[in-house]
Amino acid sequence: MKRFRWDKQYLYWGITAFLVIAASILFFMLINHLGWLRTTLHTLGGILSPFIWGLVIAYLLYPLVRIYQEHVFKPIGSLIYKKSPKAEKAVPKFSRGCAVFFAIISMLVVLAGMISMVAPQLYGSVETLIVNSSDYVARADELITRLLKDYPELDAAISGMFGDISNGLVGWATNNLLPEIKNIVTDLTSSVYSIAKGVYNVLIGMIVSVYVLYSREQFGARGKKVLYAVFSMEAAEKILDGIHFVNKVFIGFLSGKILDSLIIGVICYAGCLLMRMPYAVLCGFIIGVTNIIPFFGPIFGAIPTTFIILMEDPIKALVFLVFVLLLQQFDGNFLGPKILGNSVGIGGFWVLFSIIVGSGMFGFLGMLLGVPVFVVLYTLFGDLVTKKLVRSGLPDATAAYVDLDHFDPRTGEAVKIGESAKRNQDLRGRKRIVKKKNKKTEETAKAASPDEKTKQTPDAADSDADTEEKTE
């Protein structure tokens, strides 16, 4: 009986089969328990919310911390610890601690200043809007009455329609709104609790951000240690390069977009003041905030602000709409490219695609961060395509494929669309010529074959005669 010979190849096959089966079972379980997985991730996100806020705050404040540390507190620390023997260790600790502290203070001062300046103006604008709402309704009613004065049939139809709407609203309030009062109160209570919890998470997140900013090098060193321990050196280097690229794209896009939106909001406010528009602060604030959203932000900001001014003065509303359109053209064609630079290296079609997909999958956050995420994925995929083309000996420039029909498989040369048709025509002509030549050769051979059978050479006749004489 032959003994079974152990081979490592069998082990590899067995492990591969086991992993494939295990991955299939795991994928099947995830599909069947997708709701449970979503609930678990949502619960985990709620638990880790303070740390997420802390990482976000630290990420946004890091550029300011670096400026404070290198250009403000490091020279001051060098002067303070000039004669100290522990200056090499004391100066970095002093500069980092002061930089983190003043970055947090700067953020709080900016937020407090914005709230103190904007909140009273917003409150006054909203209060005026509510107080004058009855006048706006009276004006609208007077305008509709004046328009329908010469059309009694249309007036009767619209009056009946408004009567039906009024009866429907009364029925909805009686049958649906009143029974749901208890639920509305419950929702308000939960909303207040959610706001309080959000404030708590932000406060804890600020504390977390202090630890992250102060010990940034230690966190980074531990992360690199894990990468080099788990992956090979080449793979770890690629991962670190990818992380640096993602950081460059995100920090460039977010900081540039915030600065761009702030400038647009201030310009809108100043323009409203110069044109004596009502609710200047409210309109500037809405335009500035919604401008953070790429592509659709100006539309989202222009619709409510134009409607608010329309209630006050229709002519000014039209002027304001034209002003906002011109302002957004200025932002999209001049200010935005100057501030953002090359942080968004994709065309308008892909910007629209990334915003629609991001908002559909992740809501407002996806609409806001869809563009930088897509830029990262687009760049990584482009790098993979470029490496594959270079490895195959093909051009990696997109311009080389504009008029391309195919690559010649024998020579590897690029054949353009017009050249391909011409080459095919020449090839068909050559085939016809060769076919005609072959046909003529065959016909000549067929015509010559009967003569060769009856025709004999003199040498052959003499040999036949000699044979006959020898036989006799």
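The shown structure was predicted, so the numbers you read here are calculated from the model rather than taken from an experiment. (Residues numbered from 1 in each chain as written. Predicted model: local features only at pLDDT ≥ 70, side-chain atom pairs only at ≥ 80, totals over all residues. Heavy atoms only, no water.)

### A word on the overall build of the protein
For the protein, the count of helices and strands is 15 helices and two strands. In the protein, which comprises 472 residues, the proportion classed as buried is 22%. Considering only residue pairs separated by 6 or more positions, the protein has 61% of its internal contacts joining residues 24 or more positions apart. For the protein, the exposed surface amounts to about 35000 Å²; the carbon and sulfur share of it is 68%. (Helix = DSSP H or I, 4+ residues; strand = E, 2+ residues; numbered from the N terminus. Buried < 20%, exposed > 50% of the residue type's maximum accessible area, 1.4 Å probe, protein only. Contact = heavy atoms within 4.5 Å. Areas by Shrake-Rupley, 256 points an atom, 1.4 Å probe, with all protein chains shown as cover.)

### As for the packing of aromatic side chains
Inspection of the entire model under this criterion finds seven aromatic pairs. Taking the centre distance of 5.8 Å and the plane angle of 65° together, the rings of F353 and F374 count as edge-to-face. Its relative accessible area of 38% is what places F353 among the partly exposed residues. You can call F374 buried: its relative accessible area is 15%. The structure contains a cluster of three or more aromatic residues connected by ring pairs, namely Y68, F73, F101 and F102. (Phe/Tyr/Trp six-rings, centres within 6.5 Å; stacked < 30°, edge-to-face > 60°.)

### Some thoughts on a nonpolar patch on the surface
On the surface, a cluster of nonpolar side chains totalling about 730 Å² of accessible area is made up of L41, L44, I47, L48, F51, I52, V56 and L60. Of all the elements in the fold, those that place two or more residues in the nonpolar patch are α2 (34–47) and α3 (49–80). When residues of the nonpolar patch are assigned to their parent elements, the largest contribution, four residues, is made by α3. Checked against the element boundaries, L44 lands in helix α2. For L44, a relative accessible area of 44% translates into the label partly exposed. (Patch = residues over 30% accessible without salt bridge, like charges linked within 9 Å, V, L, I, M, F, W, Y side chains within 5 Å. Salt bridge = Lys/Arg side-chain N within 4 Å of Asp/Glu carboxyl O.)

### Quick word on the side chain of N291
Position of N291 among the secondary structure elements: in the loop between α10 (280–290) and α11 (297–312). In terms of polar contacts, N291 uses its side chain to reach the side chain of D331, at 3.4 Å. (Polar contact = N/O pair within 3.5 Å; in protein donor to acceptor, adjacent residues only side chain to side chain.)

### Considering α11
Given a rise of 1.5 Å per residue, 16 residues ought to cover 22 Å, and the 24 Å separating the end C-alpha atoms of α11 matches this to within 8%. Taken together, the buried positions of α11 are occupied by G297, P298, G301, A302, T305, T306, I308 and I309. Around the axis of α11, the buried residues are gathered within 160° of arc, so they sit on the same side. Exposed residues on α11 whose side chains face more than 90 degrees from its buried face are I303 and F307. (Expected span 1.5 Å × (residues − 1). Arc of directions from axis to C-beta.)

### Concerning the packing of helix α8 (residues 216–230) against helix α9 (residues 233–274)
Packing of α8 against α9 leaves a shortest axis separation of 8 Å and a crossing angle of 140°. Looking at the two axes, α8 sits oblique to α9. In terms of crossing hand, the pair formed by α8 and α9 is right-handed. Across from K224, L227 and Y228 in α8, the residues of α9 making contact are M233, A236, E237, I239 and L240. A breakdown of the residues in the contact of α8 with α9 according to their chemical character gives six nonpolar, no polar and two charged. (Axes fitted to C-alpha atoms, helices over the stretch in contact; angles between N-to-C directions. Parallel < 35°, antiparallel > 145°, perpendicular 65-115°, else oblique. Left-handed = near helix turned anticlockwise from the far one by under 90°. Nonpolar A, V, L, I, M, F, W, Y, C, P; charged D, E, K, R; others polar.)

### Remarks on the nonpolar core
Nonpolar side chains in soluble globular proteins generally cluster together in the buried interior. Ranked by size, the top nonpolar core spans 19 residues in total, and within it C268, C272 and F320 carry the most contacts. Elements with a minimum of two residues in this core: α9, α10, α11 and α12 (314–340). Examining the composition of this core, we find that six residues originate from one element, α12, more than from any other. Excluding residues that lie within four positions of it along the chain, F320 makes contacts with C268, C272, M277, C283, I287, T305, T306 and I309. Among the nonpolar cores identified, the runner-up in size contains 15 residues, and A58, F73, M107 and M206 belong to it. (Core = buried A, V, L, I, M, F, W, Y, C linked by side-chain atoms within 4.5 Å.)

### Re α3
Between its first and last C-alpha, α3 extends only 39 Å over 32 residues, short of the 46 Å set by a 1.5 Å rise per residue. The principal kink in α3, of about 45°, is found at F73, preceding the proline P75 by one to four residues. Among all positions of α3, only S49, P50, G54, I57, A58, L61, V65, Q69, F73 and G77 are buried. (Bend = angle between axes of the 7 residues up to and from the residue.)

### A look at the side chain of S95
By secondary structure assignment, the location of S95 is in helix α4 (residues 87–131). Residue S95 is classed as buried on the basis of its relative accessible area, which comes to 1%. One polar contact links the side chain of S95 to the main-chain carbonyl oxygen of P92, over a distance of 3.0 Å. In this view, S95 contacts Q69, F73 and K74; residues no more than four positions away in its chain are not counted.

### Some words on the pairing of strand β1 (residues 404–407)
Where β1 lies against strand β2 (residues 414–416), three bridges are found, and the strand directions are antiparallel. Bridge pairing links H406 to V415 in β2. As consecutive antiparallel partners, β1 and β2 are separated by six residues, and within that stretch G412 has a phi angle of approximately 80°, a positive value. (Pairing = 2+ DSSP bridges.)

### Concerning the environment of D405
In this structure, D405 sits in strand β1. The partly exposed category is assigned to D405, whose relative accessible area is 41%. Linking D405 and K416, residues eleven residues apart in sequence, is a C-alpha distance of 4.9 Å.

### Some remarks on the pattern of salt bridges
Under the counting rule described, the total for this entry stands at five salt bridges. Between E217 and R96 there is a salt bridge, with its nearest N and O atoms 2.6 Å apart. Taken together, the residues span a long stretch of sequence, with E217 in helix α8 and R96 in helix α4 at a distance of 121 residues. The partner of E217 in a salt bridge is R216, with the nearest N and O atoms 3.1 Å apart. Overall, R216 belongs to the partly exposed group, its relative accessible area being 34%. Residues joined in a network through salt bridges with shared partners are R96, R216 and E217.

### A few points about unusual backbone geometry
We note that R276 has phi near 55°; this positive angle belongs to a residue other than glycine. Residues other than glycine seldom take positive phi values, yet Y279 does so here, at roughly 55°. Within the secondary structure, Y279 is located in the loop between α9 and α10. Overall, the relative accessible area of 9% leaves Y279 in the buried class.

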